[in-house]
Structure formats: structure tokens, C-alpha cells
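Chains, contacts and geometry: an overview
In case you want the letters, here they are:
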Amino acid sequence: MAKIPLATFAVVFALAAGALSAQDTEPPTDPTLPDRLKELKSYVGDRKMEQDFQAIGLIQNLAKDLDQKNDKDKKRLAKGLGDVFTTGKVREGGQDILYREAADALAKLGEDGAKELSKVVDHRRFEDNLRLVAHMILALGRTKDPKQIDWLLETTTRSHQDELRAAAGEALGNFTDADLRQKREIVKDIIREWGGLHQQATTPDPIDPNAPIDFGPQNARRILRAVEGKWVATLQKLTGVSQTEFADWQRWLNKNPRWEPPQ
């Protein structure tokens, strides 16, 4: 019978030990999570909305130490937080802090959080609360889920709401680790949309008092006041280039269509 070299035993032992170690690093399932999520749903479903303070405290507690939760629990937690937005009566005005806390918690859950936020960020329940929607958009960006880039870019360049265009543009600044192709697309589309607005905004007002009123330039100036600072910040984060004026960005992109991000 052939003898197996001791070195082979050492390699096999090391691989086995590594596999066991990897298994040990997976946190155990939290047996209390299902009951805590039921408790959260009960608070949010209160018809008189008198238990929101308890719900907010529970959300903040659930969002702690996420690195100590396993993947299954994170998915379950994300689903429970997502249900906050569609359970019970709609919180309006100052009461929407419940939704803001849930959005902030989902932002920490990566793709699982993004999946839930993407379901409610344009939900008809919140269409009249632009500040809340903008908050949810920013949270969606913080998940850094690359599957959300297309929607965020569409909102940045096409939304009819200035506040949402600004929020989506700011949210895109979180994707510094995205694929280079995606980052180039973000930068190109923002600069291109900025160019269209800049052209409209700098159109001289008509001199003839009898000429039809063109609200295009006025609207473009209003949009730029809302979005320009947020868009510039995102362009700077993604490219590493420090400049603020549209003409400079346009000139830079024309000269550097295959730009590389900073190391």
C-alpha cells in the first residue's frame, strides 16, 4: 500500500480547517427576529398612529449590528422594513419620520434594502410628499445597488419634479465603486442634460412685448437652481475632477470621452 506524503495530509487538513472556519463566520439565525418584526407591524398598523415612537425605536434597534446578522435574517429584516411603508394609515407632515427611519435602515442593507425601497419610492401613497420621496431616493443611492442606477439616472434627467431630480442626481454620487461603463454613462448623461438646460436658461428673453411668452428659459433656470450643486458634487465624486461650471465640464468630457477614475 502506497504511503501518502505528510505534506498532502497537511494540505487536506488546512483546506478542511478553512472550510470550517468559513462556516463559523456565518452568524447564527436570530430567533427573536420574527417576533420583533411582528411587533413592528403591530405598532405601524395602529389605527390611531399612537405607537409610532415605539416603532421608530424598534427600527433603530433592528438596524444595529447588521454585520452580525446572516443573509437570511437580512432579507427577512428588509422585507419587514419595506412593509412599514404600506401598512396602516399614511403618515403625513411631521409624522413621516417613521418612513424616513425605515428608509435609512434599508439603506444599510445593500441590495436587499434597495429591492424594498424601489417598490415604494414611486408609490402613489407618497406622491404628494416630495420631501419624503427625495429622502427615500437618497436612501436608495446609499444601498449602492448597481441595479438602481438606470432608474436613478432616468429620474435625474427626466423627472418633472425639481426636488426629485436633485435627489436622484445626488444619490448617484454613491456609486464610486460601480462598473466604469456605468460611471461613464452617469457622467455623460448628466452633462448632456445639463447642457440642454444651460442652453435654454441662457436664451435671451424676448424684446417684443407682443411676442408669445416662452416659459422654457425661466423653467430651465429654476431647475438648474435646484439641481446644479447636487449634480456637480456627483460629477466630482465619480471623476475626481474639481470644477463647477458647465462649460468646463463639457470641454473636459469632449477631450476625455474615455476618462479613467482616480486611483
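Residues numbered from 1 in each chain as written. Predicted model: local features only at pLDDT ≥ 70, side-chain atom pairs only at ≥ 80, totals over all residues. Heavy atoms only, no water.

Let's shift gears to helix α7 (residues 130-142). When the terminal C-alpha atoms of α7 are compared, their 19 Å separation across 13 residues agrees well with the 18 Å that a helix rising 1.5 Å per residue should span. Lining the buried residues of α7 we find α5 (97-107), α6 (110-120), α8 (149-158) and α9 (162-171). Lys144 occupies a position one or two residues after α7 and carries a positive phi of about 60 degrees. (Helix = DSSP H or I, 4+ residues; strand = E, 2+ residues; numbered from the N terminus. Expected span 1.5 Å × (residues − 1). Contact = heavy atoms within 4.5 Å.)

Moving on, we come to helix α12 (residues 246-255). Residues Phe246, Trp249, Trp252 and Leu253 constitute the buried set of α12. Looking straight down α12, one finds its buried side chains confined to an arc of 130 degrees; they lie on one side. Counted as exposed and oriented over 90 degrees from the buried face of α12: Asn254 and Lys255. (Buried < 20%, exposed > 50% of the residue type's maximum accessible area, 1.4 Å probe, protein only. Arc of directions from axis to C-beta.)

Let's shift gears to the pattern of salt bridges. Two side chains bearing opposite charge may form a pair once their charged atoms approach each other closely. Taken as a whole and judged by the stated rule, the model has 20 salt bridges. A salt bridge links Arg222 to Asp162; its shortest N-O distance comes to 2.6 Å. Of this pair, Arg222 sits in helix α11 (residues 216-239) while Asp162 is found in helix α9, placing the two residues 60 residues apart along the sequence. Among the residues examined, Arg222 registers a relative accessible area of 35% and is labelled partly exposed. Judged by relative accessible area, Asp162 falls into the buried class, the value being 15%. Taken together, the shared-partner salt bridges connect Asp30, Arg36 and Lys69 into one network. (Salt bridge = Lys/Arg side-chain N within 4 Å of Asp/Glu carboxyl O.)

So, about the nonpolar core. In terms of nonpolar packing, the biggest core is built from 69 residues, with Leu40, Phe85, Met136 and Ile137 touching the most fellow members. Of all the elements, α11 adds the most residues to this core, at 8 residues. Other than its neighbours up to four places away in sequence, Met136 contacts Phe85, Ala103, Leu117, Val120, Val121 and Phe126. (Core = buried A, V, L, I, M, F, W, Y, C linked by side-chain atoms within 4.5 Å.)

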